[in-house]
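Letter by letter, the chains look like this.
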Amino acid sequence: MNAKPLWPPGHALKLLQKVQRHESPMELVYTSHERWPCPRLPMHPQRKLDTIRISILDSSFNPPTCAHLALANSRPPWYTMKSGLAGSVLASAAELDYDARLLLLSVRNADKALKSGDATYEQRLEMMYLLSKDIPASASQRPEDESESAHANVAIAIVDEPTFVGKAVVLRQFLHAWISGLYPPATALDGIAISPTSGEISIPDPRLVFLLGFDTLVRLLSPRYYASEAAMMNALRLFFSPAGDDCYVVYARRKLAEVEHTVQEEVEAKTLSAAKEFVESERVALISIGADSVDEQTSSSQVRTKVALKDETWKRLVTPSIANYIIQNSLYVS
């Protein structure tokens, strides 16, 4: 099925140009409903929302793969959730998920410039839209009437910032303003985030959880992307601090095809040694994406290489809708 994006012709290009001209640091291209990242449906009655837990899948999406989908569908480590609830316990198993998801495309990546033969940014956004349709709604987001379609609470955005530390600042500023705009003064939205006793509106605070592959974690924790190692540590402490940007990083391990296993282990040990402070404070965590369609070497570059070589096994590495899109648009053929 070749689902077409819901935005009108020229919409994505206009927003891309706005960001690339530095007229705006970030733009939302698509949201699954008008109140994203807030819940579309009434909240669980035992829960008062004071924090919106948003998973951020930031990638070049060139193209999106089954590994991207597995990361997007992953559940969070429990400790990224615990302070998002007003109360001492989770209301139900339905709460063991992110409140919202964001697929983020950076138009200025610290490592990846646009190359000849790459999908354009517009094409990547369209493939991201197709990917979003394969992200199921969590239990807390499903309608009581099962006859209604259940869509994930997901959005697609573009940002002009090459580093994760910089992105966190841009995202928090943008999301604070965006969420505040969803709560008109003295107006209650379905009773969400409103104390049953005070009747006052409490605007929830976004908590950002970045979903990374291990190779991306290496870049986050590499001093060469900062002025110095000391500058890196200062920036990361602000990035992870509850009093700062209050971010979490959840990463999935993946073997790099070009690297021997022993070398991979050395890279991982060195990286995690640099992150020891943040691992011990439960700000950096490893998860297993455990998807049958994802092996340890699934990557966008692998898809591009296989397409160029006319190796039909590339279709196993992407979703059917994205495979159809690549074929129909003759992407990566040379």
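Residues numbered from 1 in each chain as written. Predicted model: local features only at pLDDT ≥ 70, side-chain atom pairs only at ≥ 80, totals over all residues. Heavy atoms only, no water.

As a further point, take the pattern of salt bridges. A full pass over the atoms with the stated rule returns 13 salt bridges. Between Asp 99 and Arg 53 there is a salt bridge, with its nearest N and O atoms 2.8 Å apart. Within this pair, whereas Asp 99 is found in the loop between helix H2 (66-72) and strand E3 (100-106), its partner Arg 53 is found in strand E2 (residues 51-59), the two being separated by 46 residues in sequence. With relative accessibility at 9%, the residue Asp 99 sits in the buried group. (Salt bridge = Lys/Arg side-chain N within 4 Å of Asp/Glu carboxyl O. Helix = DSSP H or I, 4+ residues; strand = E, 2+ residues; numbered from the N terminus. Buried < 20%, exposed > 50% of the residue type's maximum accessible area, 1.4 Å probe, protein only.)

Among the seven residues that make up E3, seven are buried, leaving the element largely enclosed by the rest of the structure. Across six bridges, E2 lies against E3 in parallel orientation. Bridging across to E3, Ser 59 finds its partner in Leu 105. In this structure, E3 lies alongside strand E4 (residues 154-159), joined through six bridges in parallel fashion. For Leu 102, the partnering residue across the bridge sits in E4 and is Ala 155. (Pairing = 2+ DSSP bridges.)

Take Asp 245: it is sitting in the loop between helix H6 (229-240) and strand E6 (248-252). Along the sequence, Asp 245 and Leu 171 sit 74 residues apart, while their C-alpha atoms lie 9.7 Å from each other.

Core analysis: the biggest nonpolar cluster contains 46 residues, and Val 29, Leu 103, Leu 125, Met 127, Ile 156, Ile 158 and Ile 326 have the highest contact counts within it. The leading source of residues in this core is helix H3 (residues 121-132), at seven residues. With sequence-adjacent residues up to four places away left out, Ile 156 is seen in contact with Glu 27, Leu 28, Val 29, Tyr 30, Leu 102, Leu 103, Leu 125, Met 128 and Tyr 129. (Core = buried A, V, L, I, M, F, W, Y, C linked by side-chain atoms within 4.5 Å. Contact = heavy atoms within 4.5 Å.)

Looking now at helix H1 (residues 11-20). Among all positions of H1, only Ala 12, Leu 15, Leu 16 and Val 19 are buried. Viewed end-on, H1 has its buried residues packed into an arc of 105°, placing them on one side of the element. Buried residues along H1 sit against strand E1 (26-31), H3 and E4. Positioned one or two residues after H1, His 22 has a phi angle of 65°, which is positive. (Arc of directions from axis to C-beta.)

Strands sit in the order E1-E4-E3-E2-E5-E6-E7 across an open sheet of seven strands; the sheet is mixed. Two strands in the sheet have a free side with no partner beyond their single neighbour: E1 and strand E7 (284-287). For this sheet, the mean inter-axis angle between neighbouring strands, taken without regard to orientation, is 30°. Against the sheet, H1 touches E1 and E4, its axis set at about 160° to E1. (Axes fitted to C-alpha atoms, helices over the stretch in contact; angles between N-to-C directions.)

As for its placement among the helices and strands, Asp 97 is situated in the loop between H2 and E3. The buried category is assigned to Asp 97, whose relative accessible area is 4%. Among the polar contacts made by the side chain of Asp 97, one reaches the side chain of Arg 101 at a distance of 2.9 Å. (Polar contact = N/O pair within 3.5 Å; in protein donor to acceptor, adjacent residues only side chain to side chain.)

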